[in-house]
Amino acid sequence: MTLDELVAGFRKVATASVADAVDKVAGKSGLLSHEIRPRINENKIVGPAVTVLEGPTDEFVPPQHALDAIDEADAGSVIVISTNGKVDVAIWGGLMAAGAVANKHEAAVLDGGIRDIVEIRRDYDFPIYSRTVCPGTTLGRAKTLASNIEVDMGGVIVHPGDIIVGDIDGVVVVPRQHAEAVLEMAQEIDMREAEQAKLIIESKSLRDGLARYGRI
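Chemist: I'd like a description of the overall build of the chain, backed by residues and values.
Modeler: The secondary structure content of the chain amounts to seven helices and eleven strands. Rg of the C-alpha trace for the chain: 18 Å, near the compact-globule value of 17 Å for 216 residues, within the 12% margin. Dimensions along the principal axes, computed over C-alpha positions, put the chain at roughly 65 × 35 × 30 Å. Counting every position in the chain, which comprises 216 residues, the buried fraction comes to 48%. Considering only residue pairs separated by 6 or more positions, the chain has 74% of its internal contacts joining residues 24 or more positions apart. Accessible area for the chain stands at about 10500 Å²; split by element, carbon and sulfur atoms hold 52% of it. Each charge class in the chain can be summarised by its mean position, and for the 22 positive and 33 negative side chains these summaries are 6 Å apart.

Put into structure tokens, the structure is as follows:
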């Protein structure tokens, strides 16, 4: 499957089904922490990860790797930023959202803070998932260290090109090498759940639906 086909397919399946499929196909969880949640809107997001790593510093330097990623990544990318655990600092704000919109990116997923929420909601409606909300700048607190490398998002490793799927339920990382198999299984899960829900409604019995399909 091409990347475009994968993205289109993942848009049509439930994020919960994707999470279950990653568990089974990849043999490990792809779930990001429940603390990383949507701050701007509840739009579903699907796209390949472009990764940035940040770390603590007392230097007053711009987040150059993140700025370059926003300008240089392919349209439709999800900008994924890890902070090495420094979450109480804003690693994304209104100007970065403007750049992401200008370059037609899909979303940003941050293991750290966001600021300028009112501005971003008002002017861009750009989907951003973050662990925290914080008005403080990175200047003198954090700096970007590298981009397009594997990053740790609170215990979940994200590689460049992994498929990021998210909505109000949360964010799932789909390893790129398993993406096609995960999509196929998620589609099967969605189909079985639709059939199961129909049976439960018709039979007026949750137990009957669970017994026939063995899924909850």
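Chemist: Tell me what's going on with helix α6 (residues 179-203), and back it up with residues and numbers.
Modeler: With 25 residues, α6 extends 36 Å between its outermost C-alpha atoms, agreeing within 8% with the 36 Å of an ideal straight helix rising 1.5 Å per residue. Those residues of α6 that fall on the buried side of the exposure criterion are Ala-179, Val-182, Leu-183, Ala-186, Ile-189, Gln-196 and Leu-199. Two residues or fewer past α6, Lys-204 is found with a positive phi of approximately 55°.

Chemist: Give a description of helix α1 (residues 3-11) that names residues and reports values.
Modeler: Residues of α1 that are buried: Leu-6, Val-7, Gly-9 and Phe-10. Looking down the long axis of α1, one finds its buried residues gathered within 165° of arc, a one-sided arrangement.

Chemist: Give me unusual backbone geometry: which residues, what numbers.
Modeler: The bulk of non-glycine residues show a negative phi, and the bulk of peptide bonds are trans. The backbone of Lys-104 shows a phi angle near 60°, a positive value even though the residue is not glycine. By the element assignment, Lys-104 lies in the loop between α4 (94-102) and β5 (107-114). Here the phi dihedral of Asn-148 falls at roughly 55°; this positive angle occurs in a residue that is not glycine. Following the sequence through the fold, Asn-148 ends up in the loop between β7 (142-147) and β8 (151-153).

Chemist: Got a sec to walk through the pattern of salt bridges? Specific residues and values, please.
Modeler: For the structure shown, the criterion picks out five salt bridges. In this structure, Glu-35 engages Arg-131 in a salt bridge whose closest nitrogen and oxygen atoms are separated by 2.8 Å. Residue Glu-35 is located in the loop between α2 (15-26) and β1 (37-38), and its partner Arg-131 is located in strand β6 (residues 128-133); the two are separated by 96 residues in the primary sequence. Among the ionic pairs, Asp-111 bridges to Arg-131, the shortest N-O distance being 2.4 Å. Taken together, the residues Asp-111 in strand β5 and Arg-131 in strand β6 connect sequence positions 20 residues apart. As far as the burial class goes, Asp-111 and Arg-131 line up, both buried.

Chemist: Lay out the side chain of Thr-138 with the relevant residues and their values.
Modeler: Residue position: Thr-138 is located in the loop between β6 and β7. Residue Thr-138 is classed as buried on the basis of its relative accessible area, which comes to 7%. For Thr-138, the residues in contact, after removing those within four places along its chain, are Glu-54, Val-89, Ala-90 and Ile-91.

Chemist: Can you tell me about the environment of Asp-88, naming the residues and giving the values?
Modeler: Structurally, Asp-88 can be placed in the loop between β3 (78-82) and β4 (90-92). A residue is classified by how much of its surface remains accessible, and Asp-88, at 60% relative accessible area, is exposed. Beyond its immediate stretch of four places on either side in the chain, Asp-88 contacts Thr-132 and Cys-134.

Chemist: Account for a negative patch on the surface, naming residues and giving values.
Modeler: The grouping of Asp-4, Glu-5, Glu-180, Glu-184 and Glu-188 at the surface amounts to a negative patch. Looking at the negative patch, the elements that each hand over two or more residues are α1 and α6. Here the negative patch takes three residues from α6, the largest share from any one element. Inspection of the secondary structure assignment puts Glu-184 in helix α6.

Chemist: Could you give an account of the pairing of strand β2 (residues 45-56), with specific residues and numbers?
Modeler: Working note: regular strand, side chains alternate between the two faces of the sheet. Among the twelve residues that make up β2, eleven are buried, leaving the element largely enclosed by the rest of the structure. Sheet topology places β2 next to strand β10 (residues 163-167); four bridges connect them, and they run antiparallel. Residue pairing in the sheet places Pro-48 in a bridge with Ile-163 of β10. In this structure, β2 lies alongside β3, joined through five bridges in parallel fashion. Following the sheet pairing, Thr-51 is matched in β3 by Val-80. Regarding topology, helix α3 (residues 64-72) serves as the crossover connection from β2 to the parallel β3, and that connection is right-handed. Where β2 lies against β7, five bridges are found, and the strand directions are antiparallel. When the sheet's bridge partners are listed, Leu-53 is paired in β7 with Ala-146.

The rules behind the values
Residues numbered from 1 in each chain as written. Predicted model: local features only at pLDDT ≥ 70, side-chain atom pairs only at ≥ 80, totals over all residues. Heavy atoms only, no water. Helix = DSSP H or I, 4+ residues; strand = E, 2+ residues; numbered from the N terminus. Rg over C-alpha atoms; globule rule 2.2 N^0.38 Å. Buried < 20%, exposed > 50% of the residue type's maximum accessible area, 1.4 Å probe, protein only. Contact = heavy atoms within 4.5 Å. Areas by Shrake-Rupley, 256 points an atom, 1.4 Å probe, with all protein chains shown as cover. Lys, Arg positive; Asp, Glu negative; His and termini not counted. Charge placed at Lys NZ, Arg CZ, Asp CG, Glu CD. Expected span 1.5 Å × (residues − 1). Arc of directions from axis to C-beta. Salt bridge = Lys/Arg side-chain N within 4 Å of Asp/Glu carboxyl O. Patch = residues over 30% accessible without salt bridge, like charges linked within 9 Å, V, L, I, M, F, W, Y side chains within 5 Å. Pairing = 2+ DSSP bridges. Right-handed = clockwise from strand over helix to strand, strands pointing away.

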